[in-house]
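Topology and contacts: notes
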Protein chains: 2
Amino acid sequence: MSDRPTLKDVAAKAGVSFKTVSRVVNDEPGVSSAIAERVRSAVAELGYRRNHSAQVLRRSDARLQTVAIVHADATNPFAAAVHASFERYLRTTADTLVVSASSHGDPGEHDRLVDLFTERRVDGLAVIPVSDSPGPALRRELDRNTPIVFIDREPGVNADVVASDHIGGARAATRHLLAHGHRRVGFLGSREQSDSIRQRHAGFTDAVTEAGAESVVRFGLTTPDLADEAVTELLAGADAPTALFAAQNLAAVGAVRALHRLGRQHEVALVAFDHLEIADLVEPAITTAPQNAEALGRAAAEVLLRRIDGDSSDPTRIVVPVEIVPRGSGELAL
Amino acid sequence: MSDRPTLKDVAAKAGVSFKTVSRVVNDEPGVSSAIAERVRSAVAELGYRRNHSAQVLRRSDARLQTVAIVHADATNPFAAAVHASFERYLRTTADTLVVSASSHGDPGEHDRLVDLFTERRVDGLAVIPVSDSPGPALRRELDRNTPIVFIDREPGVNADVVASDHIGGARAATRHLLAHGHRRVGFLGSREQSDSIRQRHAGFTDAVTEAGAESVVRFGLTTPDLADEAVTELLAGADAPTALFAAQNLAAVGAVRALHRLGRQHEVALVAFDHLEIADLVEPAITTAPQNAEALGRAAAEVLLRRIDGDSSDPTRIVVPVEIVPRGSGELAL
DNA sequence: GCAAAGGTAGACAACGTTGTCAGACCCCGA
DNA sequence: TCGGGGTCTGACAACGTTGTCTACCTTTGC
């Protein structure tokens, strides 16, 4: 990727000064149409492309038309959907390139990615946190008032956040189960370190407590296999729950698998947080409380753009509602 | 994202020349430890970060430690899995940042993204094509011998490609169905413009022809809903197929949905190309011919790295085998 | 005690671009 | 014929960094 033609190369070919070429490629006035034409054909012939680094260096105040999004796990379909919405909004409304990278869940790598994007100078950052508190690079950028928006999870600092109403959604989902007569409900959670999971747990506990019901709680179910095991074990126990709230989609997948293998899918109620591709493919179809990825991505983009435009008001916290979609599995009565 | 401290700012704070600071931040020899220490604390205090643009500009021959991947649709789980493998390999073995963007299937936007990454100077590009032939920007980069690897689909030019064995996988999957006695097999395809879909169709046709069986072919099933409709219609017809080959995962999801709604999931055989999250959640579990996303991503990274390292041999075509995973749905006999 | 050698620090140019300024040219009217 | 004004073009500096070269200061060896 070297030996690219520069303004000078184009200028030499067109027989003009490189400043004239600069004017032409930037559509600046003050170039006669004959010369402009000659320059344009030289540009086309050499395949000249402006060097973004040099441009950015010279006009260090200008917009880079680039924002970065740092993923915890870009293969998560929910994260991908948020990303898609975020990207579409920024590309279409602000002509801004969205670049991304994923830390695969490693906090050190996560912070390192923030660092790498910072070195490369972006207009702003969207971050899906992997841990409770920001790493050194992220903290430095927050101090520097770099436009940053956190998506989906609490960053552990006072900053702009766009997140689903985890508490309200989990509370509503659990109430939904309790309304069908269940008195003993299981909670299937993934990483307890994750704030969104903790919030869903809080909403779950709210609903259980207000109804005076009982609960069984499992955390650490980060893969379908682990969730499958946990459900199998729970249901074999003496006082097994009669309804399950899966706080995360992979846990839900494992729960469905276990229920079907045990043949108890028509007996044990299940509500799953998050969208599930499989929701209406199984019998009974799975009642879900899906996060609105489209709204989250769009809201994050809006907040970030406002910050990039110079808005320096206090951090905002945008909460996107989560609504229950009844499909059958959550309506199984005791 | 402005007003960042520069070498000069750090130098002023530490009371040295900016070149000395440069030496310290680059771990170059020739700085006394006392001064180096003073510089390091000034760096820490100001939160100095090297300006990547300036660095790249100065050393225009050097590696940028950055490659870009341009997606057709980053929300496709298969694409996401390939990306994850690609990213992990490059981050860990070559300390290279992988940035990405997605065109959401729009060829013009796709080529524009290539252009934007080119302007930003990356060491190489990985491209998941959206159309049969490269756009102007991509063509220009190919002419310029920019390291580029195409993933999963044919680019329409002579270039490095890493792709699954679509033909062989589809042929094997179809033979698998025919081996269970079916004589009339349906083909469910998504975009006919896509070369991978055409190849799967070719493999399908191979197997049908060699067995002297009959086929019904549907293209354009790009969403589960469209596939659902198509299957519903096919099965209602006079000479309905008794087995289905879904050439793409979204089409497979729709097919499963239709079969279950019609209650014919134990009667009509189904093999699906690609990985399906739902594969073993439904009854019968779905027999698949999954692409090896991990191998594809890794192979693409290896090819690209070799090109970046200066390998200028003829374009290679790496074909990653696709193996059938029998789970039940594909073994339903006539 | 002095020259040579080595280690340390800074001055300066250059990368490719854009902003500022000045110069060259042309046309027009006096 | 000449000056004034506008239009077009180019020279030059600057952005923040790294590579090269030079200058200083200390140490070493005779």
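Coordinates for the structure precede this section.
The structure displayed is predicted, hence computed values, not measured ones.

Per the secondary structure count, chain A includes 12 helices and 11 strands. Against the globule reference of 20 Å for 334 residues, chain A gives a C-alpha radius of gyration of 26 Å, more extended than a compact globule. Taken over the C-alpha atoms alone, chain A extends approximately 90 × 40 × 30 Å along its principal axes. Counting across all 334 residues of chain A, residues that qualify as buried make up 54%. Sequence-distant contacts in chain A: of pairs separated by 6 or more residues, those separated by 24 or more amount to 69%. Of the roughly 13,700 Å² of accessible surface on chain A, a fraction of 49% belongs to carbon and sulfur atoms.

What follows concerns the interface of chain A and chain B. Where interface size is given, it is often the accessible area lost as the parts come together that is meant. With 58 residues of chain A at the interface, the matching set in chain B holds 58 residues. Overall, the association of chain A and chain B removes approximately 5,300 Å² of surface from exposure, summing both partners, and the carbon and sulfur fraction of that is 54%. Of the charged contacts, one joins A:Arg49 and B:Asp115 as a salt bridge, the two residues approaching to 2.7 Å between their closest N and O atoms. Taken together, the links from chain A to chain B amount to 24 residue pairs in polar contact (both at pLDDT 80 or more).

Further remarks concern the pairing of strand 7 (residues 214-218) of chain B. As paired strands, strand 6 (residues 184-188) of chain B and strand 7 of chain B are joined by 5 bridges and run parallel to one another. Bridge pairing links B:Gly186 to B:Val216 in strand 7 of chain B.

What follows concerns the pattern of salt bridges. Applying the stated criterion across every chain yields a total of 52 salt bridges over all chains. One salt bridge in this structure joins B:Glu233 and B:Arg218, with 3.5 Å as the shortest N-O distance. Of the two residues, B:Glu233 sits in helix 10 (residues 224-236) while B:Arg218 sits in strand 7, which places them 15 residues apart along the sequence. The partly exposed category is assigned to B:Arg218, whose relative accessible area is 27%. Through salt bridges with shared partners, one network takes in A:Arg4, A:Arg49, B:Arg112, B:Asp115, B:Glu119, B:Arg140 and B:Glu141.

A few words now on the relation of the copies chain A and chain B. Under the fitted operation, chain A is carried onto chain B by 0.0 Å of movement along the axis and a turn of 180°, and the coordinates agree to an RMSD of 0.1 Å. Both chain copies can therefore be described as sitting about a two-fold axis. In terms of C-alpha distance to the rotation axis, chain A has A:Ser53 as its closest residue, with the C-alpha 2.2 Å off the axis. When the interface residues of chain A are mapped onto chain B, 100% of them again lie at the interface, so the same face is used by both copies.

Cut-offs applied
- Residues numbered from 1 in each chain as written.
- Chains lettered and ligands numbered in written order.
- Predicted model: local features only at pLDDT ≥ 70, side-chain atom pairs only at ≥ 80, totals over all residues.
- Heavy atoms only, no water.
- Helix = DSSP H or I, 4+ residues; strand = E, 2+ residues; numbered from the N terminus.
- Rg over C-alpha atoms; globule rule 2.2 N^0.38 Å.
- Buried < 20%, exposed > 50% of the residue type's maximum accessible area, 1.4 Å probe, protein only.
- Contact = heavy atoms within 4.5 Å.
- Areas by Shrake-Rupley, 256 points an atom, 1.4 Å probe, with all protein chains shown as cover.
- Buried area = accessible area lost by both parts, 1.4 Å probe.
- Salt bridge = Lys/Arg side-chain N within 4 Å of Asp/Glu carboxyl O.
- Polar contact = N/O pair within 3.5 Å; in protein donor to acceptor, adjacent residues only side chain to side chain.
- Pairing = 2+ DSSP bridges.
- Least-squares fit on C-alpha atoms with pLDDT ≥ 70 in both.

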